[in-house]
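Each chain, written out:
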Amino acid sequence: MSEQQGAPEQLAAGKSQGGAGATYKVVLYEFENFRGKKIELSAECKDVGEKNLEKVGSIVVESGPWVAFERQGFAGEQFVLEKGEYPRWSTWTNSQNSYSLLSLRPLRVDSAEHKLQLFENGGFAGRKMEIVDDDVPSLWAHGFQDRVASVKALNGTWVGYMYPGYRGRQYVFERGDYKHWNDWGATAPQVQSVRRVRDMQWHKRGWHQLKESGKPPSPPSISGTSKPWTLSEGH
Amino acid sequence: MATDHQNPASKQQQSGSSAFKLIVYEQENFQGRCHELTGPCNNLQEAGVEKVGSILVLCGPWVGYEQPGCKGEQYVFEKGEYPRWDSWTNSRRSDSIFALRPIAVDSQEHKIVLYESPSFAGKKIEIVDDDVPSFHAHGYHEKVSSARVQSGTWVGYQYPGYRGYQYLFEKGEYKDNCDFGAQQAQIQSVRRVRDMQWHQRGAFHPAV
C-alpha cells in the first residue's frame, strides 16, 4: 500500500483503508437497528435483491463513502453514505419519499482538490458561481440566488441539496459536465446548498493536522482520557 | 403584506451590521398571511402567527424551535427558501415551529470539543475551523455526552452527512446531552454555522 504514514488505519482497528488501494465496505441489514439477515459489500451492487436481501432496514458503513439509490441499476433518489451507522431508513434519506434502497456503489473521491461551477441556465450559460475547496450551506448567502440549471464538476466529488443546510433531496456531482438538471436526477433546477465529499482515506493533508507529524492518533479502543484528534482546514 | 418579497436579490446584505430578517408564511410555498421577523420571537402564536407553512430567510442565520420558549426540536435556518415543513426538518417528527430567534455568529474562528461522557470526560474529539460529515471516518466512534464550544457556532447531527436531529452549539459549555437538547447522546456529524455577513473570506466567486 503506497501510504505516506506508517499506519493510517487508525479508524477501525484491523480494517485496512489505504489511499491508493482504497477499500470500501458496507454492511446492509434486513431490519432496523442492525438486526436480521445481513450482507457485506465491498463493490457496487446493481440489485440488492439479487444478494437475497429482501429489504434494507439499517446500514453500517465501515469504509466509504458510498452512494445508494432508491431503485435498481443506480436509479432514482440518491443517498450519500459516509462512514457511520444508519439505524433506519429515515436516517439516510433526506426526502423520506421512499423507503427502498435497491442498489449502491462506492463513491470515488479521487481528488484532494474540489472545484465546482454552478450555472443559472442550462448548457453552462447565464450567471455562474464557482466554489473552490469549501462547503456552502447556503448559496443565497453567497450572492447566488438564482436557480441552478447546469453544473460543471471540475474537480472532486460534490453533493448538492435542494434546501439550505444540506437538506432535501441529494444530488451527487462526480467529475463531469451536467448540462441540465435532469442529468443529476433533479426534477427542478433548484440547489440551495452544496458540499464536498471528503473521506479520510484521501484527504489526509490539509484537512486535519496530526499532532505528531506522521503519527496517527490512537485507535478508538483507548480508555481513560483521550488523545485529542484535531482537524483543521487547510486553505 | 408580501409586497417586496418577490425579489430577494434586491435586499442587500449589510455586512458588518447584524440585520436579521425572515418572513414566515402561514401556508406552504410562500402563500397566505405572512409575518416579518427581525428579532427573536418566543411564541409565534401569541404574536399572531397561526401556523408556519413556509419560510423565507432574507438575512440569517436563525434557529427555530418546535415549542414556544425556544424548546423542543431545533431547526437551523440559513439564508434561502424553505417551501414546506419538510424542507427544514431532517427528522420529520413534527411540523410545528413555535419560536424563532437569530443566531449570533460572532466569530470567524470555530473551535469545538466534544466528549464521550458528561461533564467533559472520556474520549474527545476537537475540531478547528472545519466541518466533519462523519465522526467515524475520523476515528471517533463514541457517544457525545458533553461539549465545549470555544469559538464560533456549530450544529451537531445524530447521523453522518448532517442528518437527523439538529443540535445548535453556541459558545459555551454543555455538560450533558440534555443541555444541547438531545434525548440520546449521539452525534455523528457536525458543522460550523457560517454566513457571508461574517465570513467574507472563503472560496466563493460569484462570477458574473
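Cut-offs and rules
Sequence order as written defines the numbering, with residues in each chain counted from 1. Labels are handed out in written order, letters beginning with A for the chains and numbers beginning with 1 for the ligands. In view of the model being predicted, local features appear only for residues whose pLDDT reaches at least 70, and side-chain atom pairs are presented and counted only at 80 or more, with totals across whole chains, interfaces and linings using the full set of residues. Working from all heavy atoms in the structure, the side-chain values ignore hydrogens and water. UniProt positions are given in the numbering used here, feature names are shortened, and annotations may be inferred rather than shown by experiment. Numbering of helices and strands starts at the N terminus; helices are DSSP runs of H or I of at least 4 residues and strands are runs of E of at least 2. We define a salt bridge as a side-chain nitrogen of Lys or Arg found within 4 Å of a carboxyl oxygen belonging to Asp or Glu. Three labels apply to residues, based on accessible area from a 1.4 Å probe with only protein chains included: buried if under 20% of the type maximum, exposed if over 50%, partly exposed otherwise in between. For every residue, the predictor reports its confidence as pLDDT, a number between 0 and 100. Whether two residues are in contact is decided by their heavy atoms, any of which lying within 4.5 Å being enough. All domain edges in this entry derive from an automatic or database-based domain assignment. Buried area is understood as the total, over both parts, of accessible area removed when two parts are fitted together, assessed with a 1.4 Å probe. Definition of a polar contact: a pair of N or O atoms within 3.5 Å, with one able to donate and the other able to accept a hydrogen when the atoms are protein atoms, and with sequence-neighbouring residues admitted only if both atoms are side-chain atoms. Classification convention: Asp, Glu, Lys, Arg as charged; Ala, Val, Leu, Ile, Met, Phe, Trp, Tyr, Cys, Pro as nonpolar; all other residues, Gly among them, as polar. Each aromatic pair joins two rings of Phe, Tyr and Trp (for Trp, the six-membered one) with centres within 6.5 Å, and gets the label stacked for planes under 30 degrees apart, edge-to-face for over 60, and tilted for any other angle. A pair of strands is labelled paired if DSSP reports no fewer than 2 bridges between them. Every angle, taken between N-to-C directions, lies between 0 and 180 degrees, and every axis is a line fitted to C-alpha atoms, over only the stretch in contact when it is a helix.

1. Remarks on the UniProt feature "domain: Beta/gamma crystallin 'Greek key'" (unreviewed entry) in chain B
Residues and elements named next belong to chain B.
In step 1: The positions UniProt marks with the feature "domain: Beta/gamma crystallin 'Greek key'" (unreviewed entry) are residues 20-59, 60-104, 110-151 and 152-194.
In step 2: Between the first and last C-alpha atoms of residues 110-151 the distance is 5 Å; the span itself is 0% helix and 50% strand.
In step 3: A distance of 9 Å separates the end C-alpha atoms of residues 152-194, which is 0% helix and 47% strand.

2. Some thoughts on the pattern of salt bridges
All names here are of chain B.
In step 1: Under the counting rule described, the total for this entry stands at 20 salt bridges over all chains.
In step 2: In this structure, E73 engages R93 in a salt bridge whose closest nitrogen and oxygen atoms are separated by 2.7 Å. Residue E73 is found in strand β5 (residues 71-77), and its partner R93 is found in the loop between β6 (80-82) and β7 (99-102); the two are separated by 20 residues along the sequence.
In step 3: According to the relative accessible area criterion, E73 is buried, its value standing at 7%.
In step 4: Given the relative accessible area of 47%, R93 is considered partly exposed.
In step 5: Here K123 ties to E142 by a salt bridge, and the two come within 3.7 Å at their closest N and O atoms. You can see K123 sitting in strand β9 (residues 121-128) and its partner E142 sitting in the loop between β9 and β10 (146-151), a full 19 residues away along the chain.
In step 6: Under the relative-accessibility criterion, E142 is labelled buried at 19%.

3. A short note on unusual backbone geometry
Note: most peptide bonds trans; most residues except glycine with negative phi.
In step 1: Residue A:G64 is joined to A:P65 through a cis peptide bond whose omega torsion reads 5°.
In step 2: Geometrically, the link from B:G60 to B:P61 is a cis peptide bond, its omega value of 5° lying close to zero.
In step 3: Checked against the element boundaries, B:P61 lands in the loop between β3 (54-59) and β4 (62-67).
In step 4: Look at B:N29: it is not a glycine, yet its phi comes out positive at around 55°.
In step 5: Looking at the element boundaries, B:N29 is found in the loop between β1 (21-27) and β2 (31-37).
In step 6: Its identity is not glycine, yet B:F120 carries a phi of approximately 60°, on the positive side.
In step 7: With respect to the secondary-structure elements, B:F120 resides in the loop between β8 (111-117) and β9.

4. Some words on the confidence of the model for chain B
Residue and element names in this part refer to chain B.
In step 1: When pLDDT is averaged along chain B, the result is 87; 85% of the residues meet or exceed 70.
In step 2: Below pLDDT 50 for its whole length, residues 1-16 participates in 27 contacts with residues either more than four positions away or in separate chains.
In step 3: Contacts of residues 200-204 to residues separated by more than four positions or lying in other chains number 15 contacts, the stretch itself having pLDDT below 50.
In step 4: The ipTM assigned to the predicted complex is 0.86, against a pTM of 0.82.

5. Thoughts on the domain arrangement of chain B
Residues and elements named next belong to chain B.
In step 1: Domain boundaries assigned for chain B yield domain 1 (8-102) and domain 2 (111-192).
In step 2: On a C-alpha basis, the centres of domain 1 and domain 2 stand 24 Å from each other.
In step 3: Counting from both sides, the interface comprises twelve residues of domain 1 and, opposite them, 13 residues of domain 2.
In step 4: When domain 1 packs against domain 2, the two sides together hide about 920 Å² of surface, and 40% of this comes from carbon and sulfur.
In step 5: Broken down residue by residue, the surface that domain 1 buries against domain 2 is led by Q74, V76 and N90, which jointly contribute 57%.
In step 6: In this assembly, domain 1 and domain 2 are joined by two salt bridges.
In step 7: The partner of R101 in a salt bridge is E170, with the nearest N and O atoms 2.8 Å apart.
In step 8: The interface formed by domain 1 and domain 2 contains eight residue pairs in polar contact (both at pLDDT 80 or more).
In step 9: Among the residues forming the side of domain 1 that touches domain 2, the class breakdown is four nonpolar, four polar and four charged.

6. Re the UniProt feature "domain: Beta/gamma crystallin 'Greek key'" (unreviewed entry) in chain A
In step 1: This chain's UniProt record puts "domain: Beta/gamma crystallin 'Greek key'" (unreviewed entry) on residues 24-63, 64-108 and 156-198 of chain A.
In step 2: Helix makes up 0% of residues 24-63 of chain A and strand 50%. Its end C-alpha atoms lie 5 Å apart.

7. Section: the confidence of the model for chain A
The predicted coordinates should not be examined in detail at positions where pLDDT is low.
All names here are of chain A.
In step 1: Residues of chain A with pLDDT of at least 70 account for 75%, and the chain-wide mean is 79.
In step 2: Across residues 1-20, where pLDDT falls below 50, the model places 46 contacts with residues more than four positions away in sequence or in other chains.
In step 3: Across residues 204-235, confidence stays below pLDDT 50; counting only partners more than four residues off in sequence or on other chains, it has 80 contacts.

8. Concerning the packing of aromatic side chains
In step 1: Within this structure, the stated rule accounts for 20 aromatic pairs over all chains.
In step 2: Ring plane angle 85° and centroid distance 5.2 Å describe the contact between A:F173 and A:Y178, whose orientation is recorded as edge-to-face. We note that A:F173, like A:Y178, is buried.
In step 3: Centroid distance B:F169 to B:Y174: 5.1 Å. Interplanar angle 80°. Geometry classified as edge-to-face.

9. A word on the sheet that holds β6(B)
Residues and elements named next belong to chain B.
In step 1: Reading across the sheet, the four strands line up as β2-β1-β3-β6 and stay open at both edges, with antiparallel pairing between neighbours. On the outer flanks of this sheet lie β2 and β6, each paired with one strand and no other. Across the sheet, the mean angle separating the axes of adjacent strands is 15° when strand polarity is ignored.
In step 2: Two elements, β1 and β2, share five bridges in a ladder whose sense is antiparallel.

10. A few points about the environment of B:Q108
Residues and elements named next belong to chain B.
In step 1: Inspection of the secondary structure puts Q108 in the loop between β7 and β8.
In step 2: Accessibility expressed as a relative area gives 36% for Q108, which makes it partly exposed.
In step 3: Each C-alpha atom of the pair Q108 and G69 lies 29 Å from the other, and the pair is 39 residues apart in sequence.

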